[in-house]
10 protein chains.
Amino acid sequence: MMTKEDVTAMIISAKKQAGLTWEDIAEKIDMSPVFTHSASMGMNAFPEAKAEALVTALSLPQEAAAVLAESPNKVWEQTVPTDPCVYRFYEIVGVYGPTLKALIHEKFGDGIMSAIDFEMSVTREPNPKGDRVKVEMSGKYLQYNAW
Amino acid sequence: MMTKEDVTAMIISAKKQAGLTWEDIAEKIDMSPVFTHSASMGMNAFPEAKAEALVTALSLPQEAAAVLAESPNKVWEQTVPTDPCVYRFYEIVGVYGPTLKALIHEKFGDGIMSAIDFEMSVTREPNPKGDRVKVEMSGKYLQYNAW
Amino acid sequence: MMTKEDVTAMIISAKKQAGLTWEDIAEKIDMSPVFTHSASMGMNAFPEAKAEALVTALSLPQEAAAVLAESPNKVWEQTVPTDPCVYRFYEIVGVYGPTLKALIHEKFGDGIMSAIDFEMSVTREPNPKGDRVKVEMSGKYLQYNAW
Amino acid sequence: MMTKEDVTAMIISAKKQAGLTWEDIAEKIDMSPVFTHSASMGMNAFPEAKAEALVTALSLPQEAAAVLAESPNKVWEQTVPTDPCVYRFYEIVGVYGPTLKALIHEKFGDGIMSAIDFEMSVTREPNPKGDRVKVEMSGKYLQYNAW
Amino acid sequence: MMTKEDVTAMIISAKKQAGLTWEDIAEKIDMSPVFTHSASMGMNAFPEAKAEALVTALSLPQEAAAVLAESPNKVWEQTVPTDPCVYRFYEIVGVYGPTLKALIHEKFGDGIMSAIDFEMSVTREPNPKGDRVKVEMSGKYLQYNAW
Amino acid sequence: MMTKEDVTAMIISAKKQAGLTWEDIAEKIDMSPVFTHSASMGMNAFPEAKAEALVTALSLPQEAAAVLAESPNKVWEQTVPTDPCVYRFYEIVGVYGPTLKALIHEKFGDGIMSAIDFEMSVTREPNPKGDRVKVEMSGKYLQYNAW
Amino acid sequence: MMTKEDVTAMIISAKKQAGLTWEDIAEKIDMSPVFTHSASMGMNAFPEAKAEALVTALSLPQEAAAVLAESPNKVWEQTVPTDPCVYRFYEIVGVYGPTLKALIHEKFGDGIMSAIDFEMSVTREPNPKGDRVKVEMSGKYLQYNAW
Amino acid sequence: MMTKEDVTAMIISAKKQAGLTWEDIAEKIDMSPVFTHSASMGMNAFPEAKAEALVTALSLPQEAAAVLAESPNKVWEQTVPTDPCVYRFYEIVGVYGPTLKALIHEKFGDGIMSAIDFEMSVTREPNPKGDRVKVEMSGKYLQYNAW
Amino acid sequence: MMTKEDVTAMIISAKKQAGLTWEDIAEKIDMSPVFTHSASMGMNAFPEAKAEALVTALSLPQEAAAVLAESPNKVWEQTVPTDPCVYRFYEIVGVYGPTLKALIHEKFGDGIMSAIDFEMSVTREPNPKGDRVKVEMSGKYLQYNAW
Amino acid sequence: MMTKEDVTAMIISAKKQAGLTWEDIAEKIDMSPVFTHSASMGMNAFPEAKAEALVTALSLPQEAAAVLAESPNKVWEQTVPTDPCVYRFYEIVGVYGPTLKALIHEKFGDGIMSAIDFEMSVTREPNPKGDRVKVEMSGKYLQYNAW
């Protein structure tokens, strides 16, 4: 049986050979680069039509489409990530977590930002003192139920 | 000696009595709500002029200004945060960490987003299907040095 | 300042003196026993009207109402709970977690059960071989967003 | 020797080829979908007659029946599960664990809900505001022995 | 409010002043020494009559009886116990755990020994090569439910 | 080189083919079922004569005898065991550890029960309310040295 | 009630005032410095006569003798010790643990060195290249029982 | 490339075939049994001449000499060792660590025993009450620098 | 696809055959030994020209150059390193971390030393009392942003 | 008894009142700022003459001198430090640890850099692209003993 790991390897290989960026691939299937990369890595499921589009765009075997559309098992092995690029985001959650919580409560009430009905983008922000990474997240507000 | 914990307690108490929100306080000292809350909680240091402004705005004892301007020791005790509102951000780092890394490398090169030369905002995004929490982060891109 | 811990202690004391059960208290404020206990322990926020009702029902100081309505910081200190009564539920998540996931995916699609828009009840199920504990959970299905 | 892992792989493969759901398979052997999935994953042991029935229903090799009926070693590797669909149940145990304990003690006495003499179901609850996942657990009450 | 910790301290103090052993106390209330010690330490709940008997036997304040009969929250803080006398039992579980499991499955079927409907004794076994500690455990066999 | 893992696999395979229980095998070599299983799993070393007897009884290759008599490296990978049958024993150590310690000190003095000069049995105790698992442990008392 | 912690504090205070070393104290009660320090810290129990001798030698309150003779609860809080002087011994166990095990098995058979029937000394070994710390341990060999 | 693991396996195999003990091998190359075992296991580096001697003594391939002389990466995977023979040494560090520290400070000053400029031996101490394991460690005293 | 692990193995093999040191290799490509080793181990990315130079210097396959220039995933598996040579640096961070922080704040303000815009060297410092290891680190000061 | 924590608090208070920096204090007692801060925090012991000098310089009570000269117990509570300024050094050990080890072995042989016979400085390095933090460490090389 073909697994998500198999398909991820095929995508990376096809991407290298074709000299494409994740932005290029995302554009070909008309999705965001964040979701395209995440689902290609097996951390999200492509909607069926998008899975088909990706298989066509990168000439993957037909069987790969079904695999790309399966619900993944989301596993990360490092409780505290070691790679500096990822650790900085962990650090932001540690330092600003209580602040995010306080402001969400202040602006919305007793609830949270969904990480499921959620989207995110990464863009390059030109800046004379050095360009900046801009990360924008948008998640549906979910109110705690009281019953 | 007055500690950061003491001043945090004074701020929360003054805020309650005056019926202010964090947005209100932030506006009074002309800073962002995120930084205002974070530094009030003792996780960041106020610039001296802002510390003075906060002391005036909330009628805190004068000694508090110096304490608010001290470099804090940033400590969080839960490696994996349990509060659902904070956990969701931890989950986003777990699920999307490799994606953030891949796209930063694709758009900038071999480097990271700074969590020090960094800013963030939280806003309420009206939406007919339910309002959304919007979180925007901007951090300076830092290139790995090769020597 | 009165804290959630203070109010929890007041509630337990008032409950003992009045000889009430959690069911009794829940009935007085017309909420479920699960939510009533959970919010009394400081793990959930009472809606304002219910907080007022509880203050009246148990003759708590008026200030307690605002505290009961504040968004709590949900903290548990044992990653693996040691009390046998709680551990068994942890064990159920360990043994049946993948099954819950597979059946949710099969019945709904790629998504999860919300733990926020959520409710639960505990009832006693008479049974000639020994009565049974019945736990019923109901959470809104949340579909992963693809963008 | 054929292992539980081998048989799990055979079942998943047969299920895919036949285009069956877990509900379909459960119906064929007249068991619940929860137990059918769990035992197929190697986290529970099928009663011998049910193991035979499953082997017949999915045309597995005869040797698989004995393997399906063996007592499994129940292992989970993530103390805190990372997959969001499973994590939410862990979170429920963290938030509501003390409440479940308090209400069981109130309704039954000093004891616990068994996770061994236990059953569970997952159903889809239609709801105009969005369908809901309903999880029902029933476990025998076990009284602590005092001797 | 009087807590279980308070009552434990009273019992230890009364025991010292009266020069009693745990065996003596157990005999006075006609329970086993294991259960008597465990419930006195706050790790089990005395049946009401026994709580009354203990209060009388040790001249504790009357309020203590209700406390001794409350369901305890069973907490141990060391995942791996450090005290050598307790560690050896942890080691036995590590070394012989799979053996206990295999023999229970062989003698009974797919199930476990209950730690709730359970009792235990400790006795001194005279032996010319050095006396031995005899620990006897008896727990009800619980069969896994298949549904 | 033949390893303990290899020999364990041979024993399990021979046991299945011959339709033997651990009790049967133990009887053939005149040892207890607990020790026979434990040493067959590679967690203890068979005395040489018993290793020879086992090799003969199960028609293992002659080289296996030396392997069965080697001192093993006792490793368990789960600090907290997840399998419910083994976890219950871990729970007993957590709940009753301080009690075992107190009673050993009361009956013997300042010392411990040896887990090395140790033996254990598992038996089925018939009981009209449901049969019980009886576990008996006997370990030499070791007095702390004071020098 | 006087605790072991209380007595430890009294001993340290008396030692400072009298300007004594641990060697001096050990000599006064005719025990080794290792055991004297360890039991004074509450990690071992003094034999009764020695407890009396220590109370006399340091003019402690009479009640302290019984406390010094009680069986202690041996707790260490750092799984990996951070103090460099203690860590080096942990490192030696990590690096040479398999070697100690192999040589004990080679010289004695399948067994261990007791940490209960055990003694240890620390001496200063003059050496022209820099004096050396000599640590000598002696523990009774315990053979694994096979039954 | 030949690795340290490869050479360790060759040594164990040659040792078995030749029927040698670690003491025998150590004698052949005129080193201590502790260091000989440790470096053969890949936890230390043999001096070049000794590596050559070992290769000759055990008829290993010539390439093994260079491997045996390489600086190893010292890794142990169990923070708390589970094997009872090794655990007892961990326990000794836990119980007596503060004592070792106190006596080193008393006899030498503010410093530690080196685990690098270090040696150790294991001997069998005959004793009518049961032979004893004697472990002797000698490490250079290192004084903390103050600058 | 060729991985960073593959190229690391090729470099180590080529280095051994050519009898080169890391200093030699660093000199050939005109980079520091620290960065050369680190990037050869796959913990940093070589600038493209340097990757080409290394491929030429060691006669690696051409495809290796692109691999050496890829952004690595920086992973370390031991939260607390066990190798003594690395542990000592961990210990320095534990002992002197607060001091480094205090002096950076004193000399620069509220900020940190970058580990990204960073370089380091290791040199041998001759000393009559024994040569010394000199480690020099230089990282850009980054000021916390206040917004 | 005055503790190291008490004296640390006195030093910080005296430093604030006198408006001194750590550099100023270090100069007054003719020691390095790194050691002065570290020993003032209770992580190192001042030589007696320096302890006296510090007591005089800051007008501390005379009793403080002996406390400052006592061997400290070096404890850090966060295995992975959370403060960003300290974490970056932890990250450097993670990323460059194997490199430091390889170059020390290449330049010196099989050994380590001492963290005991060790010194360190922090200086501000002017740089037109932004000033840099320079950290210099020097530790005695210690060769592994082979015996």
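Computed from a predicted model, the values in this text were never measured in an experiment. (Residues numbered from 1 in each chain as written. Chains lettered and ligands numbered in written order. Predicted model: local features only at pLDDT ≥ 70, side-chain atom pairs only at ≥ 80, totals over all residues. Heavy atoms only, no water.)

Caption draft 1: Layout of the pairing of strand β2 (residues 132–143) of chain A. Counting buried positions along β2(A) gives 9 out of 12 residues, so the element sits mostly inside the fold. In the sheet, strand β1 (residues 111–125) of chain A pairs with β2(A) via 11 bridges, with the strands oriented antiparallel. Opposite M113(A), over in β2(A), you have Y141(A) as the bridge partner. Remark: 6 residues form the turn of the hairpin made by β1(A) and β2(A), two consecutive strands paired antiparallel; G130(A) in that turn has positive phi of roughly 125°. Pairing analysis gives 9 bridges linking β2(A) to strand β2 (residues 132–143) of chain B, with the strands arranged antiparallel. The partner of G139(A) across the bridge, within β2(B), is V133(B). (Buried < 20%, exposed > 50% of the residue type's maximum accessible area, 1.4 Å probe, protein only. Helix = DSSP H or I, 4+ residues; strand = E, 2+ residues; numbered from the N terminus. Pairing = 2+ DSSP bridges.)

Caption draft 2: Structural context of the arrangement of the chains. In this view chain B stays clear of chain G, with the nearest C-alpha atoms of the two still 16 Å from each other. Spatially, chain C is disjoint from chain J: no contact exists, and the shortest C-alpha separation is 16 Å. (Contact = heavy atoms within 4.5 Å.)

Caption draft 3: Geometry of the packing of helix α6 (residues 84–108) of chain C against helix α6 (residues 84–108) of chain F. It is the contact of α6(C) with α6(F), at a shortest axis distance of 13 Å, that shows an interaxial angle of 155°. The orientation of α6(C) relative to α6(F) falls into the category roughly antiparallel. In terms of crossing hand, the pair formed by α6(C) and α6(F) is right-handed. Where α6(C) approaches α6(F), its residues P84(C), Y87(C), R88(C) and E91(C) are matched on the opposing element by P84(F), Y87(F), R88(F) and E91(F). Considered class by class, the residues forming the contact of α6(C) with α6(F) number 4 nonpolar, no polar and 4 charged. (Axes fitted to C-alpha atoms, helices over the stretch in contact; angles between N-to-C directions. Parallel < 35°, antiparallel > 145°, perpendicular 65-115°, else oblique. Left-handed = near helix turned anticlockwise from the far one by under 90°. Nonpolar A, V, L, I, M, F, W, Y, C, P; charged D, E, K, R; others polar.)

Caption draft 4: How the structure looks around the environment of L142(F). Along the chain, L142(F) turns up in strand β2 (residues 132–143). A relative accessible area of 13% places L142(F) in the buried class. Once you skip the residues sitting within four places of it in the chain, L142(F) turns out to touch G111(F), I112(F), S114(F), S114(G), I116(G) and L142(G).

Caption draft 5: Inspection of the relation of the copies chain I and chain A at higher detail. In screw terms, the move from chain I to chain A is a rotation of 72° and a rise of 0.0 Å along the axis, fitting with an RMSD of 0.0 Å. Expressed as a symmetry operation, the mapping of one chain copy onto the other fits a five-fold axis. Relative to the rotation axis, the closest C-alpha in chain I is found at E77(I), a distance of 8.8 Å. (Least-squares fit on C-alpha atoms with pLDDT ≥ 70 in both.)

Caption draft 6: Quick look at the sheet that holds strand β1 (residues 111–125) of chain G. In spatial order, the strands read β1(G)-β2(G)-β2(H)-β1(H); together these 4 strands make up an open sheet with antiparallel pairing. Each having just a single partner strand, β1 of chain G together with β1 (111–125) of chain H make up the two edges of the open sheet. Strand-to-strand, the axes of this sheet are offset by a mean angle of 20°, without reference to chain direction. On the sheet, helix α6 (residues 84–108) of chain H packs against β1 and β2 (132–143) of chain G together with β1 and β2 (132–143) of chain H and is oriented at approximately 20° with respect to β1(G).

Caption draft 7: Fine view of the UniProt feature "domain: Cyanate lyase C-terminal" (unreviewed entry) in chain A. Residues annotated in UniProt with the feature "domain: Cyanate lyase C-terminal" (unreviewed entry) correspond here to residues 75–147 of chain A. Across residues 75–147 of chain A, the secondary structure splits into 34% helix and 37% strand, with the terminal C-alpha atoms separated by 33 Å. (UniProt positions renumbered as here; feature names shortened; annotations may be inferred.)

Caption draft 8: Highlighting the relation of the copies chain B and chain A. Turning chain B through 180° and shifting it by 0.0 Å along the axis lays it on chain A, with an RMSD of 0.0 Å. The symmetry that links the two subunits is that of a two-fold axis. When each C-alpha of chain B is compared by its distance to the rotation axis, E136(B) comes out closest, at 2.3 Å. Comparing interface residues between copies, 100% of those in chain B also lie at the interface in chain A; the contact surface is shared.

Caption draft 9: Local environment of the UniProt feature "active site" (unreviewed entry) in chain A. Per the UniProt annotation, the sites labelled "active site" (unreviewed entry) are R88(A), E91(A) and S114(A). Mapped onto the secondary structure, R88(A) falls in helix α6 (residues 84–108). With a relative accessible area of 2%, R88(A) lands in the buried category. Excluding anything up to four places from it in sequence, R88(A) contacts I112(B), M113(B), A115(B), I116(I), Y87(J), R88(J) and E91(J). Here E91(A) is to be found in helix α6.

Caption draft 10: Main features of the side chain of S40(I). Residue and element names in this part refer to chain I. By secondary structure assignment, the location of S40 is in helix α3 (residues 33–40). Within the structure, S40 has its side chain in polar contact with the backbone oxygen of T36 (distance 2.7 Å). Look past the residues within four positions of S40 in its chain and what remains in contact with it is T8, I11, W22, F46 and L54. (Polar contact = N/O pair within 3.5 Å; in protein donor to acceptor, adjacent residues only side chain to side chain.)

Caption draft 11: A look at the interface of chain I and chain A. Listed as interface residues are 10 residues of chain I and, on the opposing side, 11 residues of chain A. Of the roughly 780 Å² buried at the junction of chain I and chain A (both faces included), carbon and sulfur atoms supply 55%. On the chain I side of the contact with chain A, M1(I), K74(I) and W76(I) bury the most area, a combined 52% of that side's loss. For the interface between chain I and chain A, the tally reads 1 salt bridge. Here E70(I) makes a salt bridge to K16(A), at a shortest N to O gap of 3.0 Å. Our count for the contact surface shared by chain I and chain A stands at 3 residue pairs in polar contact (both at pLDDT 80 or more). Looking at the side of chain I that touches chain A, its residues break down into 6 nonpolar, 2 polar and 2 charged. (Buried area = accessible area lost by both parts, 1.4 Å probe. Salt bridge = Lys/Arg side-chain N within 4 Å of Asp/Glu carboxyl O.)

Caption draft 12: Spatial organisation of the side chain of T99(B). Residue placement: T99(B) occurs in helix α6 (residues 84–108). The contacts of T99(B), once residues within four sequence positions are left out, are V34(A), H37(A) and S38(A).

Caption draft 13: Representation of the pattern of salt bridges in the model. Scanning the model with the defined rule gives 80 salt bridges over all chains in all. A salt bridge links E91(A) to R88(J), with the nearest nitrogen and oxygen atoms 2.6 Å apart. Taken together, the positions of E91(A) in helix α6 and R88(J) in helix α6 (residues 84–108) put the pair across two chains. Both residues of the pair, E91(A) and R88(J), belong to the buried class. Between E136(C) and K134(D) there is a salt bridge, with its nearest N and O atoms 3.7 Å apart. A residue pair is termed interchain when its members come from two chains, as with E136(C) in strand β2 (residues 132–143) and K134(D) in strand β2 (residues 132–143).

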